[in-house]
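# Secondary and tertiary structure notes
If you want the building blocks of each chain, they are given just below.
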Amino acid sequence: NLSVFYKVDIVVIGAGQAGLSAAYYLKKAGLTSGKGFVVLDDEFGAGGAWQHRWDTLTLQNVNGINDLPGMSFSDAVNTAEKALQANVALPQYYEKYEKTFELPIIRPVKVIEVTERNGRFLIRTNGAQFSARGIINATGTWKTPYCPKYPGWERFKGKQLHTGDYKSAEEFAGKQVIVVGGGISAVQLLGEISKVAKTTWVTRRPPDFRNYEFNPELGREAVAMVDQRVREGLPPNSVVSVTGLPITPAIEWMLEKGILERKPMFKEYTETGVRWEDGTTVDADIVFWNTGFRHSLDHLTPLHLVNEQGGVPMSGQLATQVASDPRIHLTGYGPSASTIGANRAGRAAARELIATLSL
Ligand code: FAD
């Protein structure tokens with residue numbers, strides 16, 4: 001093998017909120033760019049997954065974007081302009097952030113596989129190869145859409161799309177659409193699509209609408225629950241299972257219009273749609289899956305971190321440290337899968353990894 005491995009102390013994989021926060025704290029702790037650490041990201045530009053979000057996700061209807069450490073969102077973007085698209089505003093913010101703090105981000109570089117040999121990690125990419133003593137993995141979830149397969153999917157003649165494919169409601173205009181999923185994205189996109197198409201809403205469990213605004217106390221509860229799960233080695237689960245769906249004016253409107261009359265999950269596909277347990281059928285041109293994403297960890301497979309339950313047992317102050325190997329941190333994973341969580345995780349991971357490696 002003639003590959004040259006660039007030796008660094010730490011490789012951060014991914015430059016979304018979680019990777020940028022970690023990079024900021026590594027740099028602040030005195031690690032040098034290039035020799036001390038690098039950040040590898042497979043996108044062409046700044047913005048992490050935000051650059052791929054649909055155009056109607058604006059500063060008005062995002063759940064709330066937490067500032068990255070050291071520079072506020074409003075320093076980079078006119079956050080008072082609520083109609084601003086998140087897929088424009090966040091990339092702008094991250095780009096300014098990366099430049100201001102001179103973070104050593106190399107892109108586009110896709111990490112294909114991380115292996116371990118003689119106490120070092122070998123990071124194989126589609127570009128240069130790296131060798132590091134520690135890893136902060138911050139690869140998010142956007143690249144791993146989750147779509148359960150129901151019997152007969154191969155016989156269905158219509159189209160199947162996932163949240164990650166969504167650009168605008170136009171693609172659905174005049175069509176019959178089955179929208180699957182009970183999370184925030186499902187409800188928001190159902191609202192948009194129902195204005196131009198005939199929709200049927202399908203969820204596994206009855207939706208849990210609650211009449212209050214999302215508040216920090218609820219957020220903390222949700223995070224504590226996921227924190228406990230990952231420490232036990234269980235796969236992280238959805239925050240909506242704790243917080244429910246707060247009733248917003250948009251949801252109120254949908255409830256009034258009957259758009260949120262929900263059916264249970266169907267049993268199987270037919271050629272032209274789907275069929276339920278009781279034999280009833282609905283025809284569909286498109287089945288639109290809003291069934292979430294999974295953490296993008298495939299490149300870490302050779303490290304055997306995932307247990308038989310499908311989780312990675314975690315430890316450390318904010319559960320970013322892989323319990324079986326403290327030289328590996330996962331940020332933006334489980335309890336830190338939000339912009340606020342990602343920030344804090346970046347800090348904890350940087351601090352703990354520097355201590356573990358005695359840097
Ligand atoms: P990402 O932003 O996904 O960054 C990961 C980066 O790693 C990407 O650039 C990716 O391309 C790169 N990458 C992946 N695999 C590799 C690889 N093998 N090699 C190299 N690079 C790789 N959170 C909030 O706090 N507020 C909100 O309003 C909010 N709205 C959301 C709306 C939607 C529709 C979704 C899906 C999520 C939302 N979230 C929100 C959650 C939010 O996206 C995350 O909390 C946070 O932005 C994710 O940051 P991240 O750094 O973990 O991941």
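Above: the structure in question.
Counting starts from 1 at the beginning of each chain's written sequence and moves along it residue by residue. Given that this is a predicted model, residues contribute local features only at a pLDDT of at least 70 and side-chain atom pairs are listed and counted only at 80 or more, while totals for whole chains, interfaces and linings are drawn from all residues. The basis for every side-chain value is the complete set of heavy atoms in the structure, and neither hydrogens nor water enter the calculation.

What follows deals with the site of the ligand. Taken together, 32 residues are adjacent to the ligand, and D41, D42, N63, S338 and T339 come closest. Here a polar contact is taken to be a pair of N or O atoms separated by no more than 3.5 Å, where protein atoms must pair a possible hydrogen donor with a possible acceptor and residues adjacent in sequence count only if both atoms sit in side chains. A distance of 2.5 Å separates an oxygen atom of the ligand from a polar side-chain atom of D42. For the ligand, an oxygen atom lies 3.1 Å from a polar atom in the side chain of W50. For every accessible area listed, the method is Shrake-Rupley and the probe measures 1.4 Å; residues are considered covered only by the protein chains on display. Compared with its free state, where it exposes 990 Å², the ligand has 90% of that area covered by protein. As a working rule, the residues Ala, Val, Leu, Ile, Met, Phe, Trp, Tyr, Cys and Pro are called nonpolar, Asp, Glu, Lys and Arg charged, and the rest polar, with Gly in that last group. For the shell around the ligand, a count of residues per class yields 13 nonpolar, 13 polar and 6 charged. Throughout, near means a residue has at least one heavy atom within 4 Å of the molecule or strand.

A few words now on the pattern of salt bridges. Put simply, a salt bridge is a Lys or Arg side-chain nitrogen that is within 4 Å of an Asp or Glu carboxyl oxygen. Applying the stated criterion across every chain, the model contains 15 salt bridges. In this structure, R107 engages E98 in a salt bridge whose closest nitrogen and oxygen atoms are separated by 3.0 Å. Taking the relative accessible area as the measure of exposure, R107 reaches 22% and is therefore partly exposed. Here E271 and K157 are joined by a salt bridge, their closest N and O atoms 3.3 Å apart. Placement of the pair is E271 in the loop between strand 15 (268-269) and strand 16 (273-275) and K157 in the loop between strand 8 (134-137) and strand 9 (159-162), with a sequence separation of 114 residues. Here's how the labels work: a residue is buried when its accessible area is under 20% of the maximum for its type, exposed when over 50%, partly exposed in between, all with a 1.4 Å probe on protein chains only. Taking the relative accessible area as the measure of exposure, E271 reaches 46% and is therefore partly exposed. Helix numbers and strand numbers start at the N terminus; a helix is a DSSP run of H or I with at least 4 residues, a strand a run of E with at least 2.

On to the sheet that holds strand 15, then. The criterion for strand pairing is that DSSP finds at least two bridges linking the strands in question. Pairing is antiparallel in the open sheet, where 3 strands are placed in the order 15-16-17. With one partner strand each, in any of the chains shown, strand 15 and strand 17 (281-283) form the two edges of the open sheet. Two elements, strand 16 and strand 17, share 3 bridges in a ladder whose sense is antiparallel. Within strand 17, the residue paired with R275 across the bridge is T281.

The subject of this paragraph is the packing of aromatic side chains. Working definition: a ring pair exists when centres of Phe, Tyr or Trp rings (six-membered ring for Trp) sit within 6.5 Å. Plane angles under 30 degrees give stacked, over 60 give edge-to-face, the rest tilted. In the structure shown here, the tally under the stated rule is 20 aromatic pairs. Note on W201 and F209: the rings are 6.4 Å apart at their centroids and 45 degrees apart in plane angle, and the pair reads as tilted. Comment: the charge-over-ring label is applied if NZ (Lys) or CZ (Arg) is within 6 Å of the ring centre and within 35 degrees of the ring normal. Its end group placed over the ring of W253, K195 keeps NZ or CZ at 5.1 Å from the ring centre.

With that settled, the discussion passes to the environment of T281. Assignment of secondary structure puts T281 in strand 17. Sequence separation between T281 and V322 is 41 residues; the distance between their C-alpha atoms is 46 Å. What makes two residues a contact is simply this: any of their non-hydrogen atoms within 4.5 Å. Beyond its immediate chain neighbours, meaning those up to four positions away, T281 contacts T270, V274, R275 and W276.

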